[in-house]
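Observations on the model geometry
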Amino acid sequence: MQTAAFPPQRFSRPAQFLHWAIFLLVALAYLAIEVRGPKGSASRIFWSATHYWAGISVLALSVIRLCWRFYQPPPAPEPDTAILLFLAKVTHLMLYIFIIAQPILGILTINFGGHPVTLAGLGSFTIVSPNHDLRDTVKWLHETLGNAFYFVIGLHALAALWHHFVKRDNTLRRML
Ligand code: HEM
Ligand code: HEM
């Protein structure tokens, strides 16, 4: 049992910063794709560029976040039933896979389609040569994962709020 003599363990400041920065960037990537507007419009050009910038920043910060996690492992989870601890672990693993794989699939969608990825203000890059069959597959994966993770992220956020407001433990506080 935790007492005042044993203050609650928290995520480190860098881990907290990276968690919330990645959350905001993922939200921006989703917002950008939802509001981008019709093909050929100025709005679509602006919001597509925002989508690419936000998504690639997610990838860069996620690599740093994983390196940081190996260097500074997270605190042990708050006590819970074995099944809920297991579900939390699986969800966290899925979220880590998502924030690494989703931006890479986005980059591959553009490159396999025969275009370089342009990061406005920085330049363009290509990591694979065109391949139209693979383009269809990675585009489908990017869209399907993108749509599925609205629910996974929603579930994860609801779980955090449930811990805070219903179970009243430290799960959310130690990420703040
Ligand atoms: C965490 C980061 C990202 C998330 C959450 C995300 C999510 C999404 C979602 C939800 C869609 C719309 C799917 C649909 O129409 O049903 C989409 C489309 C797209 N994304 Fe991403 N994406 C991310 C990163 C990236 C990156 C880094 C790139 C490329 C640099 C990229 C390129 C694209 C492209 C080209 C499309 C449009 C496909 C089309 O309609 O032709 N995405 N993304
Ligand atoms: C794009 C959105 C999000 C992603 C990708 C994400 C990802 C993650 C991951 C991977 C972890 C595990 C950390 C670790 O053990 O290293 C985590 C923990 C956590 N997240 Fe999120 N998260 C997101 C949004 C949110 C939101 C909106 C909330 C709150 C409403 C939240 C609250 C928390 C809390 C409280 C923890 C700590 C859980 C624990 O102590 O076991 N997250 N998140």
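My aim in this report is to walk through the structure given alongside it, one point at a time. (Residues numbered from 1 in each chain as written. Chains lettered and ligands numbered in written order. Predicted model: local features only at pLDDT ≥ 70, side-chain atom pairs only at ≥ 80, totals over all residues.)

Section: the overall build of the protein chain
- Of the regular secondary structure elements, the protein chain holds four helices and two strands.
- Put simply, 63% of the contacts in the protein chain that link residues at least 6 apart link residues at least 24 apart. (Helix = DSSP H or I, 4+ residues; strand = E, 2+ residues; numbered from the N terminus. Contact = placed C-beta atoms within 7 Å.)

Here's the deal with the site of ligand 1
- Close to ligand 1 lie 22 residues; Gly55, Pro103, Gly106, Glu143 and Gly146 are nearest.
- Among the elements that make up the shell around ligand 1, the one with the highest residue count is helix H3 (residues 82-112) (seven residues).
- Residue classes in the shell around ligand 1 are distributed as twelve nonpolar, eight polar and two charged. (Near = placed C-beta within 6 Å. Nonpolar A, V, L, I, M, F, W, Y, C, P; charged D, E, K, R; others polar.)

Some points on the site of ligand 2
- Around ligand 2 there are 21 residues in total, and Val26, His92, Leu95, Ala157 and Ala160 lie nearest to it.
- Elements supplying a minimum of two residues to the shell around ligand 2: helix H1 (13-35), H3 and helix H4 (132-167).
- Looking at side-chain class alone, the shell around ligand 2 contains 15 nonpolar, four polar and two charged residues.

Things to note about the nonpolar core
- Among the nonpolar cores identified, the biggest contains seven residues, and these are Ile22, Leu25, Val26, Ala29, Ala54, Val58 and Ile99.
- Elements supplying a minimum of two residues to this core: H1 and helix H2 (42-71).
- Among the elements that make up this core, the one with the highest residue count is H1 (four residues).
- Setting aside chain neighbours within four positions, we find alanine 54 in contact with Leu25, Leu28, Ala29 and Ala32.
- One finds Leu105, Ile107, Phe112 and Val138 within the second-largest nonpolar core, a separate group that totals six residues. (Core = buried A, V, L, I, M, F, W, Y, C linked by C-beta atoms within 7 Å. Buried ≥ 20, exposed ≤ 12 C-beta atoms within 10 Å, placed from the backbone.)

By themselves these figures say nothing about function.
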